[in-house]
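Structural characterization, general
What follows is each chain in one-letter form.
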Amino acid sequence: MKRVALITGINGQDGYYLSRFLKSKDYDVHGITSCSKPGIGEPPENCYYCDFAEGSNLNQILGTVQPDEIYHLAAQSHVRLSFDIPVYTAEVTGVGTLRLLEALRYYEEQSQKKIRFYQASSSEMFGKVVESPQSETTPFHPRSPYACAKVFSYWQTINYRESYGMYACNGILFNHESPRRGEAFVTRKITKAVARIKLEMQDKLYLGNIDAKRDWGFAGDYVEAMWLILQQDKPDDFVIGTGKTHSVREFLEAAFGAVDLDWKQYVEIDPQYYRPAEVELLCADPSKARQKLNWEPKVSFEELARLMVEADMRLTQQEKILSEASS
Ligand code: NAP
Ligand code: GDD
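Residues numbered from 1 in each chain as written. Chains lettered and ligands numbered in written order. Predicted model: local features only at pLDDT ≥ 70, side-chain atom pairs only at ≥ 80, totals over all residues. Heavy atoms only, no water.

The next subject is the site of ligand 2. In the neighbourhood of ligand 2, 23 residues make up the surrounding shell, with Ser122, Ser123, Tyr146, Arg275 and Glu278 lying closest. A distance of 2.6 Å separates an oxygen atom of ligand 2 from a polar atom in the backbone of Ser77. Interatomic distance of 2.8 Å between a side-chain N/O atom of Arg214 and an oxygen atom of ligand 2. For ligand 2, whose accessible area on its own is 720 Å², the fraction buried by protein is 95%. Class assignment for the residues of the shell around ligand 2 results in 10 nonpolar, 7 polar and 6 charged. Two domains each put at least three residues into the shell around ligand 2: domain 1 (4-177 + 216-240) and domain 2 (186-214 + 245-281 + 300-322). (Near = heavy atom within 4 Å. Polar contact = N/O pair within 3.5 Å; in protein donor to acceptor, adjacent residues only side chain to side chain. Areas by Shrake-Rupley, 256 points an atom, 1.4 Å probe, with all protein chains shown as cover. Nonpolar A, V, L, I, M, F, W, Y, C, P; charged D, E, K, R; others polar. Domains from an automatic or database assignment.)

See below:
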């Protein structure tokens, strides 16, 4: 019998890589997508609509899918945006997790089945870091409505594990990127601009705090860690990252350098991209994942920047051909 996985947020970056990974492991993969897109019609096969801001049909979805494993990736995941829509972010990214855990508790009771639950927790929870690098024992100091909502979900996940004996785990993932990264996140914003500047479709790139430092890895590597977390004998929480940190400035150097451009000629600072409170430094201590999951990231920082630039060059070249053909 095929194992059944349910991925919330299946249309996001991680949902894309995770569904491919699980299919390669012969899972029957189902997904949840939000109802928020205009003009949406019938859901694709094995896909169900649910808005985590209310979640009233979650019991029905669980009953239909009958999952063995749930990967809860759905979230309003943009940190800067969470300052503009804090209540919505708390509803979706925080209370949304509770809605799913509660539906899952009810489903387990009804079906007498044990389901494995993965919560997409975030290094943003460390926020104003009290030590570096950050491990599973580092205290949290969240610095945004998004991070506060993730802390809420983190503790609800542990609370359901401890209160009801559920197999519920947190993966505390540091930043991970790919050509599938949303265009409003800094790495993708940069690699898209690099391609457009190289192809003479854009002159300038406007950014906020380029001194911020992040522990950046490749999303394709990180979804394997999500799966490994749910394959352990006992449910537990894990930090996932590379253990190396780089500034946005260094990512600019790597990305513009990949097409032989000097970033200083094109980048300007625009304070509209500053955040009311910034997370200045994140750097993982992934020793526990290395020891217990035998997990290692494969793609380096330089390779990541290059592969994202190359993907955006291909995409932008196609866009340019199409727009020239239609003008
Ligand atoms: P992403 O690309 O933003 O994907 C999140 C997905 O959540 C979206 O595709 C969206 O799906 C869905 N969603 C948003 N609002 C929803 C709502 N109200 N109801 C139902 N679904 C909703 O994020 P990602 O980079 O793949 O990250 C996956 C998860 O890991 C997120 O929870 C994120 O917070 C967390 N995380 C990410 C990173 C990272 O560096 N990428 C690091 C740590 C933790 P639709 O298209 O269907 O609306
Ligand atoms: N988005 C963005 N846009 N960020 C900028 C810009 C800009 O124009 N200029 C500078 N930055 C800086 C931000 O201030 C931040 O310090 C850093 O670049 C990274 O920003 P993002 O790429 O938006 O990611 P994030 O670190 O805030 O959040 C991402 O990683 C978290 C894990 O630590 C998201 O994927 C979160 O969902 C995730 O939890």
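On to the domain arrangement of the chain. Assigned domains of the chain: these are domain 1 (4-177 + 216-240) and domain 2 (186-214 + 245-281 + 300-322). On the domain 2 side, the residues contacting the 14 residues of domain 1 number 19 residues. Buried area between domain 1 and domain 2, both sides added, is near 1500 Å², and the carbon and sulfur share of it is 66%. In this structure, the salt-bridge partner of Arg214 is Glu124, at a minimum N-O distance of 3.6 Å. (Contact = heavy atoms within 4.5 Å. Buried area = accessible area lost by both parts, 1.4 Å probe. Salt bridge = Lys/Arg side-chain N within 4 Å of Asp/Glu carboxyl O.)

Moving on, we get to the sheet that holds strand E6 (residues 167-173). A sheet is described by the order of its strands in space; here 7 strands give the open sequence E3-E2-E1-E4-E5-E6-E11, paired in parallel fashion. The strands lining the two open edges of the sheet, one partner per strand, are strand E3 (47-49) and strand E11 (238-240). Each neighbouring strand pair of the sheet contributes to a mean axis angle of 20°, computed without reference to strand direction. Contacting strand E1 (4-8), strand E2 (28-33) and strand E4 (69-72), helix H1 (residues 13-24) runs over the sheet at an angle of about 175° to E1. Each of E4, strand E5 (116-122), E6 and E11 touches helix H7 (residues 219-229); the most contacted strand, E6, lies at about 155° to it. (Pairing = 2+ DSSP bridges. Helix = DSSP H or I, 4+ residues; strand = E, 2+ residues; numbered from the N terminus. Axes fitted to C-alpha atoms, helices over the stretch in contact; angles between N-to-C directions.)

So, about the pattern of salt bridges. The tally for this structure, following the rule as stated, stands at 20 salt bridges. Between Glu183 and Arg188 there is a salt bridge, with the nearest N and O atoms lying 3.9 Å from each other. Residue classification places Arg188 among the buried residues on the basis of a relative accessible area of 6%. The closest approach of N and O atoms between Arg290 and Glu296, which form a salt bridge, is 3.3 Å. For Glu296, a relative accessible area of 41% gives the class partly exposed. (Buried < 20%, exposed > 50% of the residue type's maximum accessible area, 1.4 Å probe, protein only.)

With that out of the way, let us pick up the pairing of E4. Covered by surrounding structure in E4 are Glu69 and Tyr71 together with Ile70 and His72, the residues of both alternating faces. Bridging between E1 and E4 involves 4 bridges; their strand directions are parallel. Its bridge partner being in E4, Leu6 is matched across the sheet by Ile70. Sheet topology places E4 next to E5; 4 bridges connect them, and they run parallel. Each residue of the ladder has a partner; that of His72, found in E5, is Gln119.

Around ligand 1, the structure places 27 residues, and the nearest of them are Thr33, Ser34, Asp51, Ser77 and Tyr146. Here an oxygen atom of ligand 1 sits 2.4 Å away from a polar atom, N or O, in the side chain of Thr33. In this structure, His176 approaches ligand 1 through a main-chain N or O atom, which is 2.9 Å from an oxygen atom. In the complex, the protein chains occlude 89% of the 880 Å² of accessible area that ligand 1 would expose alone. Looking at which element gives the most residues to the shell around ligand 1, the answer is E5, with 3 residues. Here the residues of the shell around ligand 1 are counted per class, giving 11 nonpolar, 11 polar and 5 charged.

On to the nonpolar core, then. Leu22, Tyr71, Tyr118, Ile190, Ile240, Leu252 and Phe256 are the most contacted members of the largest nonpolar core, which totals 61 residues. Per element, the largest residue contribution to this core is 8 residues, and it comes from H7. The residue makeup of this core includes at least three contributed by each of domain 1 (4-177 + 216-240) and domain 2 (186-214 + 245-281 + 300-322). Setting aside anything within four residues of it in sequence, one finds Tyr118 in contact with Ile70, Tyr71, His72, Leu73, Cys169, Gly171, Leu173, Met226, Ile229 and Leu230. Among the nonpolar cores identified, the runner-up in size contains 22 residues, and Cys50, Leu58, Tyr107 and Phe117 belong to it. (Core = buried A, V, L, I, M, F, W, Y, C linked by side-chain atoms within 4.5 Å.)

Now for the side chain of Thr33. Note that Thr33 resides in strand E2. The buried category is assigned to Thr33, whose relative accessible area is 9%. When neighbours within four sequence positions are excluded, Thr33 is seen to be in contact with Asn11, Cys47, Tyr48, Tyr49 and Cys50.

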